[in-house]
Every structure is written in structure tokens, then in C-alpha cells.
Amino acid sequence: MAFINANYSIAVIGITLLVISLFALDGLPVSTTGPIRIYCTLIAAGITVAASYLFVARNPKTALS
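Definitions and cut-offs
Residues numbered from 1 in each chain as written. Predicted model: local features only at pLDDT ≥ 70, side-chain atom pairs only at ≥ 80, totals over all residues. Heavy atoms only, no water. Patch = residues over 30% accessible without salt bridge, like charges linked within 9 Å, V, L, I, M, F, W, Y side chains within 5 Å. Areas by Shrake-Rupley, 256 points an atom, 1.4 Å probe, with all protein chains shown as cover. Salt bridge = Lys/Arg side-chain N within 4 Å of Asp/Glu carboxyl O. Helix = DSSP H or I, 4+ residues; strand = E, 2+ residues; numbered from the N terminus. Buried < 20%, exposed > 50% of the residue type's maximum accessible area, 1.4 Å probe, protein only. Axes fitted to C-alpha atoms, helices over the stretch in contact; angles between N-to-C directions. Parallel < 35°, antiparallel > 145°, perpendicular 65-115°, else oblique. Left-handed = near helix turned anticlockwise from the far one by under 90°. Contact = heavy atoms within 4.5 Å. Nonpolar A, V, L, I, M, F, W, Y, C, P; charged D, E, K, R; others polar. Expected span 1.5 Å × (residues − 1).

A. Region of interest: a nonpolar patch on the surface. Nonpolar side chains collect at one region of the surface, where Ile13, Leu17, Ile38 and Leu42 lie side by side and expose about 360 Å² of accessible area between them. For the nonpolar patch, the elements supplying multiple residues, two or more each, are α2 (8-26) and α3 (30-54). The exposure class assigned to isoleucine 13 is partly exposed, which follows from its relative accessible area of 35%.

B. Structural view of the environment of leucine 42. Along the chain, leucine 42 turns up in helix α3. Taking the C-alpha atoms as reference points, leucine 42 and isoleucine 13, 29 residues apart in sequence, are found 7.8 Å from one another.

C. Summary view of the packing of α2 against α3. Look at α2 against α3: their axes get within 9 Å of each other, and the N-to-C directions meet at 165°. The angle between α2 and α3 falls in the class roughly antiparallel. Between α2 and α3 lies a crossing of right-handed hand. In contact with Tyr8, Ser9, Val12, Ile13, Thr16, Ile20, Phe23 and Ala24 of α2, α3 contributes Val30, Arg37, Ile38, Thr41, Ala45, Thr48 and Val49. Residue composition of the contact of α2 with α3, grouped by class: 10 nonpolar, 4 polar and 1 charged.

D. Spotlight on α3. Here α3 is 25 residues long and its end C-alpha atoms lie 35 Å apart, about the 36 Å a rise of 1.5 Å per residue gives. Those residues of α3 that are buried lie in contact with α2.

E. Focus on α2. Helix length check: α2, at 19 residues, gives a terminal C-alpha distance of 27 Å against a target of 27 Å (1.5 Å per residue), a fit within 8%. Taken together, the buried positions of α2 are occupied by Ser9, Ala11, Val12, Thr16 and Ile20. Where α2 terminates, the next one or two residues include glycine 27, which has phi positive at roughly 105°.

Next up, the structure:
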């Protein structure tokens, strides 16, 4: 949770690794679902980075003038 304020993409990757680890402990074959999950996580991180550049927060002082 500490990474969300600093870098959302890193937080998503960390949570994905946690979920993969929990599934592995439960007995889910990570070798079959791992590459798909990692690929989806990288796509989500790319979308997040693109959105952060597209939707830049405005400075409240300059937005009112």
C-alpha cells in the first residue's frame, strides 16, 4: 500500500506477485497461468502510465484564473 502514493505501476506489479505467490501456495499451476498474468499486469501498468501523462492534475491556482 505504501507504493500506491509513490508509483501505482510498481504497486500493481507487487500485488500481482503476491497473488501469484498465494495461488502457488494453494496449488494452482503457476507455469500455465503465470505468463498470462504477467502480460496482463504489464498492460495494466502501461495503461496507468499513459493515463498519468494524459490526465495531468491541474494546479488549483492556475485553473481558477
